[in-house]
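Commentary on secondary and tertiary structure
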Amino acid sequence: MEYYFNIRYEFMRQRVHKAIEERLSAPGSDYICVADGVIMNTANRQKHYLDVVNGGMFSICDSSYVPLYIRLIHGKKLEQYCGSEIFSDIIASRKYRMIFLGTQQNILNGLRQNLMKLNPHICDMKFIELPFCKVDDFDYPSIARLIEEDRADIIWIALGAPKQEYFMSKLKPHLNHGVMIAVGAAFKFFSGVDTNRAPQWMVRHHMEFVYRLAQEPSKQFGRCFNIVRTLPSLLVSEWRRKSTPADTLSAT
């Protein structure tokens, strides 16, 4: 794991899955953030949110641009591991009992049907719509009891950023077992009901944001504007930090 743009990332897929296995083999719970450009931008503007993002096991990189920035500044070749990929990888592995929390019931219903094609054991797993409320108003002890009774290993969360990251940090103290992963739009992508992911040629050419902008202009325009507005200062700050000792970075 290394810090880039003040976020503790794990880019190596094998290490991500090994860390999940190790966490599940010991008592306690934790969470993984799926950090796209919006999360990176918001975390660097809001210290408390940055603490939440870095308060879990690590973040995986959901942005195709962050590896480009890292290669430009640090000369390291790293790869994106987006939320929809870790989602499909774990589903298809058929290794864990899972529970799915968040979003609307019609999306959850479509999600169940489509995921059963990847993993037939999905039919016996719970898909639960969470109430629409502020992050402080969830009944975390009751949600934790529901998860504990289900004996879920992986808890998938889809509430949208930054709400889902705050949700995981608040639920963590109440859980005795499990790894929470906030995958945002992955529920929609795999449900067949709502937003689809961009075609692979757009993903390969770092144009996925154009596709998302066309599909959800009112939601995505403000996010893109904030990223573009603050990106130059983030790049300059990262360039200045590249010669800073690693122990100093980890303390920030």
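See above for the structure.
Predicted model only: the values in this text are computed from it and were never measured.

What counts as what
Residues numbered from 1 in each chain as written. Predicted model: local features only at pLDDT ≥ 70, side-chain atom pairs only at ≥ 80, totals over all residues. Heavy atoms only, no water. Helix = DSSP H or I, 4+ residues; strand = E, 2+ residues; numbered from the N terminus. Buried < 20%, exposed > 50% of the residue type's maximum accessible area, 1.4 Å probe, protein only. Contact = heavy atoms within 4.5 Å. Areas by Shrake-Rupley, 256 points an atom, 1.4 Å probe, with all protein chains shown as cover. Axes fitted to C-alpha atoms, helices over the stretch in contact; angles between N-to-C directions. Parallel < 35°, antiparallel > 145°, perpendicular 65-115°, else oblique. Left-handed = near helix turned anticlockwise from the far one by under 90°. Nonpolar A, V, L, I, M, F, W, Y, C, P; charged D, E, K, R; others polar. Pairing = 2+ DSSP bridges.

A word on the overall build of the protein chain. A count of helical and extended segments in the protein chain gives 13 helices and eight strands. Every one of the 252 residues in the protein chain was classed for burial, and the buried ones make up 48%. Restricting to contacts in the protein chain with at least 6 residues of sequence separation, those with at least 24 account for 75%. Summed over all atoms, the accessible surface of the protein chain reaches about 12,400 Å², with 54% contributed by carbon and sulfur.

Attention shifts here to unusual backbone geometry. Omega for the peptide link from Ala161 to Pro162 comes to 5°, which places this bond in the cis form. Here Pro162 shows up in the loop between strand E7 (154–158) and helix H8 (163–171). The phi dihedral of Asn6 falls on the positive side, at around 70°, and the residue is not glycine. Looking at where Asn6 falls in the secondary structure, it is placed in the loop between strand E1 (2–4) and strand E2 (7–9). Classification of Asn6 by relative accessible area gives buried; the value is 17%. The phi dihedral of Thr103 is positive, around 55°, even though this residue is not glycine. For Thr103, the position within the fold is in the loop between strand E5 (98–102) and helix H6 (105–115).

Close contact between helix H1 (residues 13–24) and helix H5 (residues 83–93) brings their axes to 12 Å; oriented N to C, the two are set at 55°. Relative to H5, the element H1 is oriented oblique. Relative to H5, H1 is oriented so that their crossing is right-handed. Residues Arg13, Val16, His17 and Ile20 of H1 pack against Glu85, Ile86, Asp89 and Ile90 of H5. Among the residues making up the contact of H1 with H5, the classes are represented as four nonpolar, one polar and three charged.

Now for the packing of helix H7 (residues 140–150) against H8. Taken N-terminus to C-terminus, the directions of H7 and H8 make an angle of 80°; their axes are 10 Å apart at the nearest point. The orientation of H7 with respect to H8, classified from their angle, is roughly perpendicular. Along its contact with H7, which presents Tyr140, Ile143, Ala144 and Ile147, the element H8 presents Phe167, Lys170 and Leu171. Looking at the contact of H7 with H8 residue by residue, the classes come out as six nonpolar, no polar and one charged.

Another aspect to go through is the pairing of strand E3 (residues 28–35). The element E3 is extensively covered by neighbouring structure, given that seven of its eight residues are classed as buried. Two elements, E3 and strand E8 (residues 177–182), share five bridges in a ladder whose sense is parallel. Bridge pairing in E8 places Ile32 opposite Ile181. Pairing geometry for E3 and strand E4 (residues 58–61), over four bridges, is parallel.

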